[in-house]
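An overview of the molecular structure
Listed below, chain by chain, are the residues.
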Amino acid sequence: MTANRRFRNVVRIGPVQVATCYDGRGHEKHTAACTAPRCGFSTDYDSRAAAELAARTHRCPA
């Protein structure tokens, strides 16, 4: 995976950022990533609704 992905439509829900990008194969993916220190939560989803639901229900272990 390349480190220079172009994110668009970035939304912050609590400590989690949700963004849309294209993966290496040209498919549209939606990413949810927590910005809290020592959390490490980051996942890719096929739908924007799933990524936003994960952001709303995420609880940091720290």
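Each remark here, short or long, concerns the structure printed above.
These remarks concern the structure in this document. (Residues numbered from 1 in each chain as written. Predicted model: local features only at pLDDT ≥ 70, side-chain atom pairs only at ≥ 80, totals over all residues. Heavy atoms only, no water.)

Moving on, we come to the overall build of the protein. Scanning the protein from N- to C-terminus turns up one helix and four strands. Overall, the protein shows an N-to-C arrangement of helices and strands of β-β-β-β-α. For 62 residues, the compact-globule estimate of 2.2 N^0.38 gives 11 Å, and the protein sits close to it at 11 Å. The principal-axis extent of the C-alpha atoms belonging to the protein is close to 35 × 25 × 15 Å. Taking all 62 residues of the protein together, 31% fall into the buried category. Considering only residue pairs separated by 6 or more positions, the protein has 24% of its internal contacts joining residues 24 or more positions apart. Working note: accessible area of the protein is about 4400 Å², and carbon and sulfur atoms make up 51% of it. Put simply, the protein has 10 plus and 5 minus side-chain charges, and the middle of one group is 8 Å from the middle of the other. (Helix = DSSP H or I, 4+ residues; strand = E, 2+ residues; numbered from the N terminus. Rg over C-alpha atoms; globule rule 2.2 N^0.38 Å. Buried < 20%, exposed > 50% of the residue type's maximum accessible area, 1.4 Å probe, protein only. Contact = heavy atoms within 4.5 Å. Areas by Shrake-Rupley, 256 points an atom, 1.4 Å probe, with all protein chains shown as cover. Lys, Arg positive; Asp, Glu negative; His and termini not counted. Charge placed at Lys NZ, Arg CZ, Asp CG, Glu CD.)

Think of a disulfide as a covalent bridge from one cysteine sulfur atom to another cysteine sulfur atom. Within this structure, the stated rule accounts for zero disulfides. The thiol of Cys60 is unpaired, and the distance to the nearest cysteine sulfur, on Cys34, comes to 3.3 Å. (Disulfide = S-S within 2.5 Å.)

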